[in-house]
Amino acid sequence: MSPTISHKDNSRQRRPGTFNHSLDMKSGLLPPGDWDDSQLDLVGGEGDKEALLLDTDFLFFWGTVFLITTTLVALLKKENKEVSVGKEETQGITDTYKLLFEIIKMPAVLTFCLLILTAKIGFSAADAVTGLKLVEEGVPKEHLALLAVPMVPLQIILPLIISKYTAGPQPLNVFYKAMPYRLLLGLEFALLVWWTAKVEHQGGFPIYYYIILLLSYALHQVTLYSMYVSIMAFNAKVSDPLIGGTYMTLLNTVSNLGGNWPSTVALWLVDPLTVKECVGASNQNCRTPDNVELCVKLGGSCVTALDGYYMESIICVFIGFGWWFFLGPKFKKLQDEGPSSWKCKRIN
């Protein structure tokens, strides 16, 4: 299911589109591997591995349902031929790409693209690195995967609730209001990772730890979906209906890219920002792989003095608040642009 809409009345499709996208992302919750009885109990298996559906069974069942329902729609649904269909803006691939370049060159669209490509830098450390650091501190990957299960109802309900506040003329207000809370949760995630190393977990992490982790994740999902639905609603609102989903697909692609490239950079910067010291060998350091190897050869070992994740989290939050304070108001003002600022010029 794609979050982009190809119908002319994009605003009407905003809620079901987001709802379907949420459902689409919930498959494959349980990772493969050998599950012990305690893990099976958490998902209702009561120690019976046969009670769980395998990924192949899950995909086969819903694939069959998808084929049946799609076939029924094709056979039983009839097009309303009385409705007049306007002339399409594009008639081929070449024409479409030419039009996309024309869209990007429009001042309002170009401003939106530049702002949305930098808006999510402040969340990159929390979104991309936190889970890896929790695993590094000893939290089992299977348990982290199981924490996603109780989030499914929340992730389905949230778009329906939030869309009530983004259906008006200023959907980006929700994005702007949710941003500082999501940034602060990034600092809370860093504290959570630091606290994880202090929690006694020789026999497994205590239940209160998972409760706090679950609550943190739930709060993060509220802020994340508030911003996500807000952007979806704005894209649906300004997209030129004359070219269907092409316009909205472009805006959504840029929005997704704005979240993906900062996460990639954040993952790459963790190691360079990490400070390590050579313990057990005098006058040595661990700045480069060669230095690490030399330290080990001299009988020492490299010990992390400062994890780059914490430094990166603070830097990202500062950048995020800087964007929110200086560029956030400009981002909101895009809502005040008239419809003509977003309309495409027809290519002759």
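The structure contained in this document is the topic of the report that follows. The structure displayed is predicted, hence computed values, not measured ones.

Criteria and cut-off values
Residues numbered from 1 in each chain as written. Predicted model: local features only at pLDDT ≥ 70, side-chain atom pairs only at ≥ 80, totals over all residues. Heavy atoms only, no water. Helix = DSSP H or I, 4+ residues; strand = E, 2+ residues; numbered from the N terminus. Buried < 20%, exposed > 50% of the residue type's maximum accessible area, 1.4 Å probe, protein only. Contact = heavy atoms within 4.5 Å. Areas by Shrake-Rupley, 256 points an atom, 1.4 Å probe, with all protein chains shown as cover. Salt bridge = Lys/Arg side-chain N within 4 Å of Asp/Glu carboxyl O. Disulfide = S-S within 2.5 Å. Patch = residues over 30% accessible without salt bridge, like charges linked within 9 Å, V, L, I, M, F, W, Y side chains within 5 Å. Axes fitted to C-alpha atoms, helices over the stretch in contact; angles between N-to-C directions. Parallel < 35°, antiparallel > 145°, perpendicular 65-115°, else oblique. Left-handed = near helix turned anticlockwise from the far one by under 90°. Nonpolar A, V, L, I, M, F, W, Y, C, P; charged D, E, K, R; others polar. Core = buried A, V, L, I, M, F, W, Y, C linked by side-chain atoms within 4.5 Å.

## Things to note about the overall build of the chain
Inference 1: Along the backbone of the chain there are 14 helices and two strands.
Inference 2: Going through the 348 residues of the chain one by one, you find that 37% of them count as buried.
Inference 3: In the chain, once contacts between residues fewer than 6 apart in sequence are set aside, the share between residues at least 24 apart is 79%.
Inference 4: Total accessible area computed for the chain in this model is approximately 20,500 Å², and 63% of it derives from carbon and sulfur atoms.

## Topic: the pattern of salt bridges
Inference 1: Inspection of every chain in the model, using the stated rule, returns five salt bridges.
Inference 2: In this structure, D307 engages K133 in a salt bridge whose closest nitrogen and oxygen atoms are separated by 3.0 Å. With a gap of 174 residues between them, D307 in the loop between β2 (301-306) and α13 (308-326) and K133 in helix α6 (residues 124-136) connect regions that are remote in the sequence.
Inference 3: Here E293 makes a salt bridge to K297, at a shortest N to O gap of 3.5 Å. Within this pair, E293 and its partner K297 are both found in helix α12 (residues 289-297), separated by four residues, close to a single helical turn.

## Re the state of the cysteines
Inference 1: Tallied over the entire structure, the rule returns two disulfides.
Inference 2: Put simply, C278 and C295 are joined by a disulfide, and their sulfur atoms are 2.0 Å apart. Residues C278 and C295 are joined by a disulfide whose S-S torsion is about 95°; by sign, that bridge is right-handed. Of the two residues, C278 sits in strand β1 (residues 275-279) while C295 sits in helix α12, which places them 17 residues apart along the sequence. You'll find C278 and C295 in the same group, each marked buried.

## Side note on a nonpolar patch on the surface
Inference 1: Together, I207, Y208, I211, I212 and L215 make up a nonpolar patch on the protein surface, roughly 510 Å² of accessible area in all.
Inference 2: Take Y208: it is sitting in helix α10 (residues 207-238).

## Some words on the environment of I161
Inference 1: When you line up the elements, I161 lands in helix α8 (residues 151-166).
Inference 2: In this structure the C-alpha to C-alpha distance between I161 and S226, which are 65 residues apart in sequence, comes to 9.4 Å.

## A word on the packing of helix α11 (residues 245-273) against α13
Inference 1: Contact geometry for α11 and α13: axes closest at 8 Å, N-to-C directions at 125°. Between α11 and α13, the angle is such that the two are oblique. The element α11 and its partner α13 pack so that their crossing is right-handed. Side by side, α11 and α13 meet where V265, A266, L269, V270 and L273 of the first sit next to G308, Y309, M311 and E312 of the second.
Inference 2: Considering only residue class, the contact of α11 with α13 consists of seven nonpolar, one polar and one charged.

## Some points on the nonpolar core
Inference 1: Membership of the largest hydrophobic core comes to 31 residues, with the highest contact counts inside it found for I103, F112, F175, Y247, F331 and W342.
Inference 2: Within the residue set of this core, elements represented by two or more residues are α4 (93-105), α5 (107-119), α9 (172-198), α10 and α11.
Inference 3: Here F175 is in contact with I116, A119, M227, S230, I231, W323 and F331, once residues within four sequence places are set aside.
Inference 4: By size, the runner-up hydrophobic cluster in this structure holds 18 residues, among which are A128, L147, A190 and Y309.

## Here's the deal with the packing of α4 against α11
Inference 1: In the contact formed by α4 and α11, the axes pass within 11 Å of each other and the chain directions differ by 55°. Comparing their axes, α11 and α4 come out oblique. For the pair α4 and α11, the sense of crossing is right-handed. In this structure, α4 contributes T96, L100, I103 and I104 to the contact, and α11 contributes T246, Y247 and L250.
Inference 2: Across the contact of α4 with α11, the residue classes tally to five nonpolar, two polar and no charged.

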